[in-house]
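Residue-level structural notes
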Amino acid sequence: MSVIQYVMFLALVGLATFCQNLTGFAFGLIFVGVAGATHLMGIGDAANVACLLSVVNGVAYLRAHRQVPQWTLLKPMLISSVIGVIGGVLLLQWLSGNALSGLRMLLGLAIVACALLLLLQKQVNAQVSGPVSLWVAGVASGVLGGLFATPGPPMVYHLYRQPLDRLVVRQCLFAMFLTCALLRLVMVAWEGEITASVLLAAALAFPVVTVVTWLHMRHPPALPKRLVEWMVCLLLVLSGTSLLVSGWNASHPQPVVPDDEMAMAVPQRFQAAAPAPR
């Protein structure tokens with residue numbers, strides 16, 4: 001990347017971190033989505049950078065908030081999300097090699113769907129939902145984590161509707177995020193996709209994430225919760241729609257229609273190339 005691209009990259013990291021601190025899960029969606037929509041980075045590289053940052057963030061959080069794990073909730077979350085991550089990484093490898101435009105469209109669709117989930121958050125349920133919904137949310141989160149290093153939205157949407165202690169919910173979420181990120185890193189590193197450029201980008205991004213998070217903790221913005229949700233959703237919808245459009249255009253190239261000058265030049269070239277009559 002050029003110097004200007006690195007500046008844009010760091011600005012994007014700061015924006016994604018700011019939105020993450022406001023919503024709790026939007027970093028990967030915004031970072032990978034905007035990086036892919038603007039062609040700042042490849043979708044795979046952007047997901048790998050987000051994955052590395054998720055590992056650092058998850059370890060730091062769990063070390064600072066040590067609690068006894070709630071295994072009755074955490075165990076099915078981890079098992080289902082691990083299954084989803086494996087499927088997501090395998091799907092990513094296939095799409096990257098065979099249908100890159102389809103990968104962009106899939107990411108755009110996932111981002112728009114997650115934005116709608118954020119807006120559709122409802123009040124807390126009176127009772128804890130059954131295990132089926134937890135497993136569905138876990139597998140869906142794992143697939144998104146394997147594909148784009150963004151495992152948050154399905155499980156966040158599910159857990160925050162349950163009558164559970166918020167500290168327990170956050171601990172379980174960070175444990176799941178860390179597990180998904182570590183598994184994804186092992187799988188993509190095995191394929192040789194953790195390149196020097198990815199490590200450099202993650203190293204440059206880490207101080208930005210740290211500073212923005214610290215500033216947010218010291219000086220939290222006094223913004224209404226609903227306004228924040230709409231702002232983040234608008235950004236997600238814009239980046240997701242851009243990915244959908246670019247992926248669609250790439251998969252359906254327009255035929256080149258020659259203009260008048262080109263149409264006149266073709267017969268002239270043929271006429272010039274024709275052999276002289278004997």
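Residues numbered from 1 in each chain as written. Predicted model: local features only at pLDDT ≥ 70, side-chain atom pairs only at ≥ 80, totals over all residues. Heavy atoms only, no water.

- The name an unreviewed UniProt entry gives the protein chain is Probable membrane transporter protein, with Delftia acidovorans as the organism.
- Here is the UniProt Subcellular location (unreviewed entry) comment for the protein chain, exactly as written: "Cell membrane". (UniProt positions renumbered as here; feature names shortened; annotations may be inferred.)

1. Re the overall build of the protein chain
- Per the secondary structure count, the protein chain includes 11 helices and zero strands.
- For the protein chain, the α and β elements follow one another from N to C terminus as α-α-α-α-α-α-α-α-α-α-α.
- Here the protein chain holds 278 residues, and the buried ones make up 41% of them.
- Long-range pairs, those at least 24 residues apart, make up 81% of the contacts in the protein chain between residues at least 6 apart in sequence. (Helix = DSSP H or I, 4+ residues; strand = E, 2+ residues; numbered from the N terminus. Buried < 20%, exposed > 50% of the residue type's maximum accessible area, 1.4 Å probe, protein only. Contact = heavy atoms within 4.5 Å.)

2. A look at the environment of Ala60
- Checked against the element boundaries, Ala60 lands in helix H3 (residues 43-64).
- Note on Ala60: relative accessible area 46%, which makes it partly exposed.

3. Examining the UniProt feature "transmembrane region" (unreviewed entry) in the protein chain
- Per the UniProt record, the feature "transmembrane region" (unreviewed entry) sits at residues 6-34, 46-64, 76-95, 102-120, 132-151, 172-190, 196-215 and 227-248.
- Here residues 132-151 is 85% helix and 0% strand, with 18 Å between the C-alpha atoms at its ends.

4. Some thoughts on the packing of H3 against helix H8 (residues 166-190)
- Closest axis-to-axis distance for the H3/H8 pair is 8 Å, and the angle between their directions is 140 degrees. As the angle between them shows, H3 and H8 are arranged oblique. Taken as a pair, H3 and H8 cross one another with a handedness that is left-handed. From H3, Ala47, Asn48, Cys51, Leu52, Ser54, Val55, Asn57, Gly58, Val59, Tyr61 and Leu62 reach across to H8, where they touch Arg170, Gln171, Phe174, Ala175, Leu178, Ala181, Leu182, Arg184, Leu185 and Val188. (Axes fitted to C-alpha atoms, helices over the stretch in contact; angles between N-to-C directions. Parallel < 35°, antiparallel > 145°, perpendicular 65-115°, else oblique. Left-handed = near helix turned anticlockwise from the far one by under 90°.)

5. Topic: the side chain of Ser141
- Counting through the fold element by element, Ser141 comes out in helix H6 (residues 131-148).
- Every residue in contact with Ser141, bar those within four places of it in the chain, is listed here: Pro151, Gly152, Pro154, Met155 and Met176.

6. Here we look at the environment of Leu117
- Here Leu117 is to be found in helix H5 (residues 100-119).
- Residues Leu117 and Pro153, 36 residues apart in the sequence, show an inter-C-alpha distance of 7.5 Å.

7. As for the nonpolar core
- Judged by nonpolar contacts, the single largest core of 54 residues is most densely connected at Phe9, Ile30, Phe31, Val49 and Phe148.
- By size, the runner-up hydrophobic cluster in this structure holds 21 residues, among which are Met155, Val156, Met176 and Phe177. (Core = buried A, V, L, I, M, F, W, Y, C linked by side-chain atoms within 4.5 Å.)

8. What about unusual backbone geometry?
- The phi angle at His39 is positive, at roughly 60 degrees, despite the residue not being glycine.
- Relative to the elements of secondary structure, His39 occurs in the loop between helix H2 (27-37) and H3.
- Of the residues examined, His39 reaches a relative accessible area of 56% and is grouped as exposed.
- Of note, the phi angle at Ala149 is positive, near 60 degrees, even though the residue is not glycine.
- Within the fold, Ala149 resides in the loop between H6 and helix H7 (152-159).
- The class for Ala149 is buried, based on a relative accessible area of 6%.

9. Quick notes on the state of the cysteines
- Under the definition given, this model contains zero disulfides.
- We note that Cys51 lacks a disulfide partner, and the nearest cysteine sulfur, in Cys180, lies 8.9 Å from it. (Disulfide = S-S within 2.5 Å.)

10. Re helix H9 (residues 196-218)
- For H9, which comprises 23 residues, the first-to-last C-alpha distance of 34 Å matches the rise-based estimate of 33 Å (1.5 Å per residue) to within 8%.
- Within H9 the residues assigned to the buried category are Val198, Ala201, Ala202, Ala205, Val208, Val209, Val212 and His216. (Expected span 1.5 Å × (residues − 1).)

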